[in-house]
Amino acid sequence: MIEFKLPSLGSDMDQGKLLEWKVKPGDTVKRGDVVAVVDTSKAAVDVEIWQEGTVQELIVAPGATVPVGTVLATLLAPGESMDFGTTQAVSATISSVAAPALVARRRISPAARKRAEELAIDVDTVTGTGPDDAVTLQDVEQAAAAQAQPQDRQAEMRKAIAAAMSRSKREIPHYYLAQTIPLEGATAWLRDENSRRPVTGRLLMAVLFLKAVALACCRFPEMNGVFRDGRFEASGAVHAGVAISLRQGGLIAPAIHDVSSKSLEELMRDLTDLVQRVRAGSLRSSEMSDPTITVTNLGDQGADTVFGVIYPPQVALVGFGCVRDQPWAEQGMLRALPVVNVSLAADHRVSDGHRGALFLAEIRELLQYPEKL
Amino acid sequence: MYEEEIRAAVLATLKTIAPELQASEIQTDRPLRNQIDLDSMDWLNFLIGLHQRLKVDIPESDYGKLGTFDGIVSYLAGKLG
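Residues numbered from 1 in each chain as written. Chains lettered and ligands numbered in written order. Predicted model: local features only at pLDDT ≥ 70, side-chain atom pairs only at ≥ 80, totals over all residues.

(A) Examining the overall build of chain A more closely. When helices and strands are counted, chain A shows 9 helices and 20 strands. The dimensions of chain A, computed from C-alpha atoms along their principal axes, are 85 × 45 × 40 Å. Counting across all 373 residues of chain A, residues that qualify as buried make up 38%. Counting contacts in chain A only where the partners sit at least 6 residues apart, residues at least 24 apart contribute 64% of the total. (Helix = DSSP H or I, 4+ residues; strand = E, 2+ residues; numbered from the N terminus. Buried ≥ 20, exposed ≤ 12 C-beta atoms within 10 Å, placed from the backbone. Contact = placed C-beta atoms within 7 Å.)

(B) View of the sheet that holds strand β2 (residues 15-21) of chain A. Residue and element names in this part refer to chain A. Across the sheet, 5 strands lie side by side as β7-β2-β4-β5-β16; this open sheet has mixed pairing. Strand pairing shows two members of the sheet lacking a second neighbour, β7 (65-67) and β16 (283-284), which therefore form its edges. Across 3 bridges, β2 lies against β7 in antiparallel orientation. Each bridged residue has a counterpart across the sheet, and for Lys17 the counterpart in β7 is Thr65. (Pairing = 2+ DSSP bridges.)

(C) The arrangement of the interface of chain B and chain A in detail. Listed as interface residues are 16 residues of chain B and, on the opposing side, 15 residues of chain A. Only α2 (32-35) and α3 (40-54) of chain B provide two or more residues apiece to the side of chain B that touches chain A. Top contributing element to the side of chain B that touches chain A by residue count: α3 of chain B, with 6 residues.

(D) The arrangement of unusual backbone geometry in detail. All names here are of chain A. In this structure, the amide linkage connecting Pro312 to the following residue, Pro313, adopts the cis form with an omega of 5 degrees. Positionally, Pro313 belongs in the loop between β17 (293-297) and β18 (316-320). The backbone of Asp229 sits at a positive phi, close to 50 degrees, despite the residue not being glycine. Structurally, the position occupied by Asp229 is in the loop between β10 (225-228) and β11 (231-234). The exposed category is assigned to Asp229, around which 6 C-beta atoms lie within 10 Å. Even without a glycine there, the phi angle at Gln331 is positive, about 50 degrees. Relative to the helices and strands, Gln331 is located in the loop between β19 (324-330) and β20 (333-347).

Right, here's the structure in full:
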């Protein structure tokens, strides 16, 4: 039997609220299927499963808040048959840990159902207080009111960010480096490319930055991975956490996977899709839990330089300030050029300033040949 | 297309990116992007939205004419004229 547990969706999460099941008992699932939607303090996240099987029992009901690691459902592995004895035992243990409500068929009054439709409330997420836990009109209206409390959500998110950043500052001996990168070639190349592309196919400088960081990570594996249980584990693939700020305040840094092996077009598509899903609140669990390095880009309205705080358990953050024109001396000549300040915050337990400087120099070199990115 | 319709279309497109935006909050003759905090991705999505809504393709070389809300409206009025 397979136990499907609530995964940690980032180091700032210790519990989650189950919003919705995407599967029911008897459904077969395969690796990567979305089986549930869980609300962290930051976002509603589509939780994927990484094993194959048939859903046996949904243990936790929508609406329940449970700690990371709680068994949410049990599944039968391929070839396994029903064994009720085991299931009962498991759900009993779990109930004593987290006391989640058991799943039951939703009862709902016709008035409540109508109101839920009007308010765009998913009735499966509403806790019923009527007879036999039926969902009443009042329950629906309370659920709607709860959804419309951005203040609480912001306070929760601020707390989650503070927890992760405090842990970072407490545990990670940061060092910081910065360098100015000339972008004359990259801006000209981008302008030329974009003049030939329709508005729907245009590239942003941000994807050149992402790709350059990822390629540099391949040569400097000590920047790319996680620090766990007292040791560094380098990651083969580069999953870049992209810091995306939310309009209502706060930020999320979900991952774009395998950045070093994707084309600029693919990265642009992934980035656009990710930003839209962050704002719409539909992120996948793998994006939240497995970035191997963070890239933050203040964009063209931002400040000149980032002094990053590493997102644990990662060991490095690369920050780009805004691209701006600046006097530039080269071969005895002074000219005005577009430049960007790139900074590195990295973990002294894993690397040192000498390697960090070479890493930044590699990013600079890669950005001089945008056509090869 | 009348200018009022273009104004409404621009505002509606902006609201898909900044849902909290109120028309009365926009100073239409002041720089738009930092007024309502549009990053480069928001800006590109705004232009894609205008493209889909009004069937205009806006080249990057024209971005300089799109600094204010009024500027965007008169640019589009010229294009759609």
